[in-house]
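# Commentary on secondary and tertiary structure
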Amino acid sequence: MLNVEVEGKIGNLDIEVQFTIDSGSLTALFGPSGAGKTTIINMIAGLITPHHGNISVNGNTLFDSRRSINASPNQRRIGYVFQDNQLFPHLSVEGNLRYGQKLQPKASRYTDFGEVTQLLGITDLLQRKPGSLSGGEQKRVALGRALLASPQVLLMDEPLTGLDQARTEEILPFIDQIRRQVRLPIVYVSHNLDEVLALSDQIALIHGGKTELVGSTEDVLNNEKAKPLLGRNEPSTVLSGIVTSHDAAFGLSTVETAAVSIQVPGVVSTVGSKVRLRLLARDVSLALSRPQDISVLNVLEGTVHDVADLSTGAVIVKVALNRDLIIDARVTKRACDNLKLTAGVNVFALIKSVAVDKFQRTIP
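This write-up is about the structure you can find in this document. This is a predicted model, so every value here is computed, not measured.

Another point: the packing of aromatic side chains. Throughout the structure, instances matching the rule amount to 2 aromatic pairs. Summarising the aromatic geometry, the rings of Y80 and F82 are spaced 4.0 Å apart at their centres and angled 5° between planes, so their arrangement reads as stacked. For Y80, a relative accessible area of 13% translates into the label buried. F82 gets classed as partly exposed once you look at its relative accessible area, which sits at 22%.

Below, the structure is given as structure tokens:
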């Protein structure tokens, strides 16, 4: 378990953060550029010293201002994956990996060279130099070097920056495997919501150097306080659910959430596996009666909870599907007026299956 409770001042930015991460869990430090996310993980790594506070891993204190404890970076057993990888160009892939391994005495190592290279799919790259590798291959080597240092904590600073979509989709499963198999507390810095949805168990929402919200990914992203801090990310509702069935003939799967069942296309997860869904408010339409003869597969009955003016010719209608779930629908002011949508009105939320964003969560 990683516990962080620190305060400091870097330039004009006041840092004041507090969060805890369980082993085997990935917490995303999520927020806009300049919010202080990299500064925070550099404090964890010992590269920047906080003014006040405490940092500990599994009961082992790394920093405590009251007791004047401040372990050096090489004493902290922190694995760090940087944005630019920082691989040694003159060394082979194996040389880079062995460098990470040598950072820990043999008695303190818990990772095996062969297991790590197999986990990351880099066994065939060992004799090549970093300059001959693709961006995705370099990132996997950087991950391997960090893991072979047998760290107590893994820090990842926007590790997918600069990679195209194909390389990003290549790396995401490897990071997810690390989360599940290595069982470390992982701190993942990002301002990319798709990455956060695909990987995180918890979010620490960072704004102006402070943790505005800390909690499960769904709870934070669905929290009204988070909406103004998500910047250009569209209003949406995030759900977790279990794949309960597949319809192979039509390429559809049914995902059962705590509140509703939703049909989505193309889920490759096995029945019983967990997925995360995102419903964009702009993809949710509303009707006063159950429509007939339409192509939309997800027709969900609910009640208008609230209506919020966006001052852009549109409104956000909050629809309560039951006590546990409220989803956002973005409609024009004219549509809202025509349907006389106010709190308490019964409606049907129409969600096209092909519009649902899916993020596989390979949690048993």
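Time to look at the layout of surface pockets. When its volume is computed, the largest pocket comes out at roughly 640 Å³. Lining the largest pocket are 26 residues, and of these T168, E169, L172, D194 and A198 lie nearest its centre. Among the secondary structure elements, those contributing two or more residues to the lining of the largest pocket are α5 (165-181), α6 (193-199) and β21 (357-361). Broken down by element, the residue count for the lining of the largest pocket peaks at 6 residues, all from α5. When the residues that make up the lining of the largest pocket are grouped by side-chain class, the tally is 10 nonpolar, 9 polar and 7 charged. One number sums up the size of the second largest pocket: a volume of about 540 Å³. Taken together, 22 residues form the lining of the second largest pocket, with I78, G79, Y80, F82 and L103 sitting closest to its centre. Elements with a minimum of two residues in the lining of the second largest pocket: β7 (78-81), α2 (93-102) and α4 (135-148). A total of 4 residues in the lining of the second largest pocket trace back to one element, the largest contributor, which is β7. Class assignment of the residues belonging to the lining of the second largest pocket gives a composition of 14 nonpolar, 6 polar and 2 charged.

Of all hydrophobic cores here, the largest spans 47 residues; its most connected members are L154 and I175. Among the elements that make up this core, the one with the highest residue count is α4 (6 residues). Every residue in contact with I175, bar those within four places of it in the chain, is listed here: L26, L143, M156, L160, Y188 and L199. Core analysis: the second largest hydrophobic core is formed by 28 residues, I262, L277, V317 and I351 among them.

Following the sequence through the fold, T217 ends up in helix α7 (residues 217-221). A relative accessible area of 0% means that T217 is categorised as buried. Residues contacting T217, with those up to four places away along its chain left out, are L197, S200, D201, Q202, I203 and R276. A polar contact of 2.7 Å, which involves the side chain of T217, links it to the side chain of S200.

This paragraph deals with the sheet that holds strand β19 (residues 325-332). The strand order across the open sheet built from 5 strands is β16-β20-β17-β18-β19, with neighbouring strands paired in antiparallel fashion. For this open sheet the edge positions go to β16 (284-287) and β19, each flanked by a neighbour on one side alone. Direction aside, neighbouring strands of the sheet carry axes that sit 45° apart on average. Bridge count between strand β18 (residues 314-322) and β19: 8 bridges; the pairing is antiparallel.

Once that is clear, we can look at the pattern of salt bridges. For the structure shown, the criterion picks out 16 salt bridges. For D176, the salt bridge goes to R179, with nearest N and O atoms at 2.5 Å. Note that D176 and R179 are positioned in helix α5 at a spacing of 3 residues, about one turn of the helix. What makes D176 buried here is its relative accessible area of 7%. Put simply, E224 and K318 hold a salt bridge, and the shortest N to O gap is 2.8 Å. Placement of the pair is E224 in the loop between α7 and β12 (236-247) and K318 in strand β18, with a sequence separation of 94 residues. Note on K318: relative accessible area 11%, which makes it buried. When salt bridges that share partners are traced, they join D176, R179, R180 and D201 into one network.

Turning our eyes to something else, we now look at α2. Within α2, the full set of buried residues consists of V93, N96, L97, G100 and Q101. Buried residues in α2, looked at end-on, bunch into an arc of 145°, giving them a common side. Packed against the buried residues of α2 are α3 (113-119) and α4.

This part takes up the packing of α2 against α4. Packing of α2 against α4 leaves a shortest axis separation of 6 Å and a crossing angle of 30°. Relative to α4, α2 is oriented roughly parallel. Considering how the two elements wind past one another, α2 and α4 form a crossing that is right-handed. Seen from α2, the contacting residues are V93, N96, L97, Y99, G100 and Q101; seen from α4, they are V141, G144, R145 and L148.

Attention shifts here to helix α1 (residues 37-45). The element α1 is largely enclosed, with a buried count of 8 among its 9 residues. Every buried residue of α1 is accounted for by K37, T39, I40, I41, N42, M43, I44 and A45. Just past α1, the residue G46 takes up positive phi, approximately 90°.

Analysis parameters
- Residues numbered from 1 in each chain as written.
- Predicted model: local features only at pLDDT ≥ 70, side-chain atom pairs only at ≥ 80, totals over all residues.
- Heavy atoms only, no water.
- Phe/Tyr/Trp six-rings, centres within 6.5 Å; stacked < 30°, edge-to-face > 60°.
- Buried < 20%, exposed > 50% of the residue type's maximum accessible area, 1.4 Å probe, protein only.
- 1 Å grid on protein atoms, 1.4 Å probe; cavity = no way out; pocket = protein on both sides within 12 Å on 5 of 7 lines; lining within 4 Å.
- Points joined across faces, edges and corners; volume = space filled by probe spheres on them.
- Helix = DSSP H or I, 4+ residues; strand = E, 2+ residues; numbered from the N terminus.
- Nonpolar A, V, L, I, M, F, W, Y, C, P; charged D, E, K, R; others polar.
- Core = buried A, V, L, I, M, F, W, Y, C linked by side-chain atoms within 4.5 Å.
- Contact = heavy atoms within 4.5 Å.
- Polar contact = N/O pair within 3.5 Å; in protein donor to acceptor, adjacent residues only side chain to side chain.
- Pairing = 2+ DSSP bridges.
- Axes fitted to C-alpha atoms, helices over the stretch in contact; angles between N-to-C directions.
- Salt bridge = Lys/Arg side-chain N within 4 Å of Asp/Glu carboxyl O.
- Arc of directions from axis to C-beta.
- Parallel < 35°, antiparallel > 145°, perpendicular 65-115°, else oblique.
- Left-handed = near helix turned anticlockwise from the far one by under 90°.

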